[in-house]
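Fold and contact review
Here is how the chains run, residue by residue.
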Amino acid sequence: KKNTGLTMPEVLEKFFLVKTHIAPATILSYRKAVNEFSAFLKNPLIENIHKIDITKYQEYLAKKKNTTRTIDNKISVLGTVFNFAIKQSYLFNENPAKERKLQSNKDREKSGYAIFEVNEIKQIFDSEFLKTAKEKDPDYFWTLVLGLVTGCRISEITSIKKDQFKISESGINFIKIFDSKTNAGVREIPISSRLLEYGLADFIKGKEEKIFKYNLRLGKGSGNAVGKKFKRHLEELKITREKLVFHSLRKFCNNFLKNNKVSYEARCQFIGHEIEDINNTVYSEEFTLETLEEILSSSILKLEMLAGVVKTKF
């Protein structure tokens, strides 16, 4: 078995070379995780990394006061790079980061972000804080509205460009996500003409390429400023439940669609979640944009009511 002479950071760059639809924030986080691990082991060749090295790194991270969830996230990144190396024949050994999660799925679910309740969503979108923002800080305002009615990740919204707003041949308005955290995140998201008429079209019109003012910050993504202001927004409204953050809007959107009887497959396609069962991945294709819009139309209308886009009270 030939010595490939590749280190983990070198394999990662090969990974980025062929995986073209990865968000800039994800690239930064992958580089950070791989470089930290490689530095810890003093930059060995990938074929000289073994299970005991993963164990030692987990223990090192724990001593550095990383949470179990954070440790699992870092090891998961390493596992992805090792899998890629095996597939591309840069590595002939077993993946040393395979099945190394410290946290059970149940514990992980408990430690994750919370989901907003309907009354909290009404408070947020009917607040003076947000009404003021519509005039004085439209970037923040539209980030929140899009977060609720599309369920997009904060990085997907704040990095959006003008050419991502499109109209299909059948006349459906949609947002095309080109770069996302996962392959499933590369998707077409139907939006209503009501949203554009409410002021989104005017907000977009004055822009040249980048829609939002937020810039990518090293290790923080492009949504850091929104997250900080959203925290102040919640504090002003005295919404103090733990683990409520901007990502909680995405969770609320998905949960709202579920409670409105939108199918699992349609929710995953809209939100951008992977589906791994064989029926979906091998025996069927995604919904067309037209079918997805038809399935979601009544639920999107209700979400727009909650956001104040449609004035009828929900």
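Refer to the structure above for everything that follows.
Below or above, wherever it landed, is the structure these notes cover. (Residues numbered from 1 in each chain as written. Predicted model: local features only at pLDDT ≥ 70, side-chain atom pairs only at ≥ 80, totals over all residues. Heavy atoms only, no water.)

In this section: the overall build of the protein. Per the secondary structure count, the protein includes 15 helices and 3 strands. Whereas a compact globule of 314 residues would reach a radius of gyration of roughly 20 Å, the protein reaches 21 Å, a difference of no more than 12%. Over its C-alpha atoms, taken along the principal directions, the protein stretches across nearly 65 × 45 × 40 Å. Considering the protein as a whole, with its 314 residues, one finds that 45% of them fall into the buried category. Excluding contacts between residues fewer than 6 apart, the proportion of contacts in the protein whose partners are at least 24 apart in sequence is 68%. In the form shown here, the protein has an accessible surface area of approximately 17,400 Å², with 50% of it arising from carbon and sulfur atoms. Each charge class in the protein can be summarised by its mean position, and for the 54 positive and 40 negative side chains these summaries are 6 Å apart. (Helix = DSSP H or I, 4+ residues; strand = E, 2+ residues; numbered from the N terminus. Rg over C-alpha atoms; globule rule 2.2 N^0.38 Å. Buried < 20%, exposed > 50% of the residue type's maximum accessible area, 1.4 Å probe, protein only. Contact = heavy atoms within 4.5 Å. Areas by Shrake-Rupley, 256 points an atom, 1.4 Å probe, with all protein chains shown as cover. Lys, Arg positive; Asp, Glu negative; His and termini not counted. Charge placed at Lys NZ, Arg CZ, Asp CG, Glu CD.)

Turning to the sheet that holds strand β1 (residues 165-167), a few remarks are in order. The pairing of strands in a sheet happens through backbone hydrogen bonds and is either parallel or antiparallel. In spatial order, the strands read β1-β2-β3; together these 3 strands make up an open sheet with antiparallel pairing. A single partner strand is all that each edge strand has here, and the edge strands are β1 and β3 (187-190). Here the strands of the sheet are splayed against their neighbours by 40° on average, with no regard to which way each runs. Where β1 meets strand β2 (residues 173-177), 3 bridges bridge the pair, whose relative direction is antiparallel. Bridging from a neighbouring strand, Lys166 pairs with Phe174 of β2. Relative to β3, helix α15 (residues 289-307) is tilted by about 45°, and along the sheet it contacts β2 and β3. (Pairing = 2+ DSSP bridges. Axes fitted to C-alpha atoms, helices over the stretch in contact; angles between N-to-C directions.)

Okay, helix α1 (residues 8-18) next. Looking at α1, one finds that the buried residues are Met8, Val11, Leu12, Phe15 and Phe16. Buried residues of α1, seen end-on, are gathered within an arc of 145° and therefore sit on one face of the element. Buried positions along α1 lie against α2 (24-40) and α4 (68-87). (Arc of directions from axis to C-beta.)

All chains considered together, the criterion is met by 0 disulfides. You can see Cys253 has no disulfide; the closest cysteine sulfur is in Cys152, sitting 8.7 Å from it. Overall, the relative accessible area of 0% leaves Cys253 in the buried class. (Disulfide = S-S within 2.5 Å.)

We now examine the pairing of β2. β2 sits mainly inside the fold: 5 of its 5 residues count as buried. The loop that links β1 with its antiparallel partner β2 comprises 5 residues; one of these, Gly171, has a positive phi angle of about 90°. Here β2 runs beside β3; their pairing, made up of 4 bridges, is antiparallel. Within the sheet, the bridge partner assigned to Ile175 lies in β3 and is Ile189.

Further remarks concern the packing of aromatic side chains. The tally for this structure, following the rule as stated, stands at 18 aromatic pairs. An aromatic cluster is defined as three or more aromatic residues linked by ring pairs; in this entry it consists of Phe141, Trp142, Tyr198, Phe203, Phe212 and Tyr214. Between the NZ or CZ atom of Lys134 and the centre of the ring of Tyr198, over which it lies, the distance is 3.9 Å. Just above the ring of Phe203 sits the side chain of Lys207; from NZ or CZ to the centre is 3.7 Å. (Phe/Tyr/Trp six-rings, centres within 6.5 Å; stacked < 30°, edge-to-face > 60°. Lys NZ or Arg CZ within 6 Å of the ring centre and 35° of its normal.)

To continue, consider the side chain of Ser168. Note on placement: Ser168 falls in the loop between β1 and β2. The class of Ser168 is buried, set by a relative accessible area of 14%. Residues contacting Ser168, with those up to four places away along its chain left out, are Phe174, Leu289 and Glu290.

On the surface, Glu169, Glu188, Glu285, Glu286 and Glu290 cluster together into a patch of negative charge. Since its relative accessible area comes to 90%, Glu169 is described here as exposed. (Patch = residues over 30% accessible without salt bridge, like charges linked within 9 Å, V, L, I, M, F, W, Y side chains within 5 Å. Salt bridge = Lys/Arg side-chain N within 4 Å of Asp/Glu carboxyl O.)

Another point: the environment of Lys210. Tracing the backbone shows Lys210 in the loop between α10 (193-205) and α11 (224-236). Setting aside residues no more than four positions away along its own chain, Lys210 makes contact with Thr158, Ile160 and Asn215. Polar contacts involving the side chain of Lys210 include one to the main-chain carbonyl oxygen of Tyr214, which spans 2.3 Å. (Polar contact = N/O pair within 3.5 Å; in protein donor to acceptor, adjacent residues only side chain to side chain.)

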